[in-house]
Amino acid sequence: MKKHIFYTAILLLVVSCARNVSSDVDGTKPITIDVNKALPVFDMSGMVDTSFFRIIPLETSPECLISEITKIFFTDGKIYVFDQGTEGIYTFDNQGHFLNKIQNRGAGPKEYVSVFDAFIDGKNIYVDDVYGRKVLVYDISGGFVTVISKDKTKIWSNYIFAVEDKIFYVNDGSNTGSGCYVLFSSDKNGGNINSYIPFECGTTDVVDAGNFTVSDNGKKAFIAVNSDDTIYEISDEGVKPVFKIDFSGKKMPEEYAKENAVSRMKQGLYRKYTSGIEGLVASDNELFMKFNLSGNTYNAIYDLNTDSVFVAKSLKINSIGMSLQIENICQGNIVGQMSASECSLFYKSAEMSGKSEIFEKSLFGRRFKEIARSISTDDNPVVFIYKLKR
């Protein structure tokens, strides 16, 4: 996962909005993303309850050293961090105090060889051991529950998530023993295998690490498949296409679909085209998407109720002077993070340039200043939690 950085700034409010009203012949709704209409900033103040926020430095100890947050969850007042670098899942309370961890590397039946992905659904913690060809399931407190072997099912997955009573396995483009499918599912015991969304074997840019998300209520998920520019909805009723992405002529042409990244780079294609969605997060009312073009990262927000699309290079909460990078949305809360060194450096830079007064203008700024001055650059990351308006 790319490292996400928060920057404090005072910026003008700019809004860019387009409306999609027609439906495609297959029943999907179009989402038109036009970077030519993208503006520098979209103010999230109208979507976020700025009276509620938390800035939480995660406790640092010899038992809890995080190299980088790969995924983060905030559920029932607890923070769960998956760190692919240390291959551990760490649990903290809502004050950032370390509670426990899962870090069971080894070749035993209750151990994992390597962790490529992990998922928390409020009841269980799922650990995808790619090279060990299994999924380990723990209860929410870290107690071992069961192991699901992928050898018998011939499933290959790079990422994992759960919806209701099913586990879903995301394949990023490999030709598995069960065929070229984006998605597989099983029950919680590893039985009743199903496959979804076939693709042409050998195609690149099928799905990215951040291209799937479970909705805030946990009853459905979405996955963006870049090979056909379609967002699929996943629920107990099955998997169905619901949205078609139109990048207004900026999507990588199909003739380059099987070329690798190096070849595309040499031809300068990434300066002209996007490979598709690289980040997808869902609330009950919105889809938040990220994509890259010409070295720039863009945000697109799709309103599920009004079919409106907002496109901007960055998201800000202008009322508290804070940039917003959405890592996850859990139980009505936007969750983000910032490394301790970035947090400290930003405050010191503002202080040295004579702009430290910006931290005195709001309760948020004063809390940020307090934490930035108290942490060491080698400490664990700082977590930011904002409440979404319903």
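Residues numbered from 1 in each chain as written. Predicted model: local features only at pLDDT ≥ 70, side-chain atom pairs only at ≥ 80, totals over all residues. Heavy atoms only, no water.

### Notes on the overall build of the protein
And then number 1: Each helix and strand in the protein was counted, giving three helices and 28 strands.
And then number 2: By the compact-globule yardstick of 21 Å for 390 residues, the protein fits well, its C-alpha radius of gyration being 21 Å.
And then number 3: Its C-alpha atoms give the protein principal-axis dimensions of about 60 × 50 × 45 Å.
And then number 4: The proportion of buried residues among the 390 residues of the protein is 53%.
And then number 5: Summed over all atoms, the accessible surface of the protein reaches about 17200 Å², with 49% contributed by carbon and sulfur. (Helix = DSSP H or I, 4+ residues; strand = E, 2+ residues; numbered from the N terminus. Rg over C-alpha atoms; globule rule 2.2 N^0.38 Å. Buried < 20%, exposed > 50% of the residue type's maximum accessible area, 1.4 Å probe, protein only. Areas by Shrake-Rupley, 256 points an atom, 1.4 Å probe, with all protein chains shown as cover.)

### Some points on the sheet that holds strand β14 (residues 166-170)
And then number 1: Pairing within the open sheet is antiparallel, and its four strands lie in the order β13-β14-β15-β16. Looking at which strands have only one partner, the edges of the open sheet turn out to be β13 (159-163) and β16 (194-198). In this sheet, neighbouring strand axes are inclined to one another by 20° on average, regardless of whether the strands run parallel or antiparallel.
And then number 2: Where strand β15 (residues 181-187) meets β16, four bridges bridge the pair, whose relative direction is antiparallel. When the bridges of β16 are listed, Y181 appears paired with P198. (Pairing = 2+ DSSP bridges. Axes fitted to C-alpha atoms, helices over the stretch in contact; angles between N-to-C directions.)

### Some remarks on the pairing of strand β21 (residues 277-282)
And then number 1: Buried residues dominate β21, accounting for five of its six residues.
And then number 2: Across five bridges, β21 lies against strand β22 (residues 286-293) in antiparallel orientation. Within the sheet, the bridge partner assigned to A282 lies in β22 and is L287.
And then number 3: Counted between consecutive antiparallel strands, the loop separating β21 from β22 contains three residues.

### Some remarks on the confidence of the model for the protein
And then number 1: Looking at the protein as a whole, its pLDDT mean stands at 87, while 92% of the residues score no less than 70.
And then number 2: For residues 1-17, every residue scores under 50 in pLDDT, and the model assigns this stretch 59 contacts once sequence neighbours within four places are set aside. (pLDDT = per-residue confidence, 0-100. Contact = heavy atoms within 4.5 Å.)

### Observations regarding the packing of helix α2 (residues 340-352) against helix α3 (residues 363-374)
And then number 1: Closest axis-to-axis distance for the α2/α3 pair is 9 Å, and the angle between their directions is 110°. One way to sum up the angle between α2 and α3 is to call them roughly perpendicular. The hand of the α2/α3 crossing is left-handed. Listed contacts from α3 to C343, S344, F346 and Y347 of α2 are F368, K369, A372 and R373.
And then number 2: Split into classes, the residues belonging to the contact of α2 with α3 amount to five nonpolar, one polar and two charged. (Parallel < 35°, antiparallel > 145°, perpendicular 65-115°, else oblique. Left-handed = near helix turned anticlockwise from the far one by under 90°. Nonpolar A, V, L, I, M, F, W, Y, C, P; charged D, E, K, R; others polar.)

### Some details on the state of the cysteines
And then number 1: Under the counting rule described, the total for this entry stands at one disulfide.
And then number 2: One disulfide bridge connects C180 with C201, the sulfur atoms lying 1.8 Å from each other. The disulfide joining C180 to C201 has a torsion of about 115° about its S-S bond and is therefore right-handed. Taken as a pair, C180 in the loop between β14 and β15 and C201 in the loop between β16 and β17 (212-214) lie far apart in primary sequence, 21 residues in all.
And then number 3: What makes C180 buried here is its relative accessible area of 7%.
And then number 4: Owing to a relative accessible area of 37%, C201 belongs among the partly exposed residues under this scheme. (Disulfide = S-S within 2.5 Å.)

### Regarding the pattern of salt bridges
And then number 1: Under the definition given, this model contains 12 salt bridges.
And then number 2: Across the salt bridge formed by R105 and E87, the nearest N and O atoms sit 3.8 Å from each other. With R105 in the loop between β8 (98-102) and β9 (117-120) and E87 in the loop between β6 (78-83) and β7 (88-93), the pair connects residues that are 18 residues apart, well separated along the chain.
And then number 3: R105 sits in the partly exposed class, given a relative accessible area of 46%.
And then number 4: With a closest N to O distance of 2.6 Å, K251 and D229 form a salt bridge. Taken together, the residues span a long stretch of sequence, with K251 in the loop between β20 (238-246) and α1 (261-266) and D229 in the loop between β18 (221-225) and β19 (230-235) at a distance of 22 residues.
And then number 5: For K251, a relative accessible area of 18% translates into the label buried.
And then number 6: Through salt bridges with shared partners, a single network forms among K220, E233 and K240. (Salt bridge = Lys/Arg side-chain N within 4 Å of Asp/Glu carboxyl O.)

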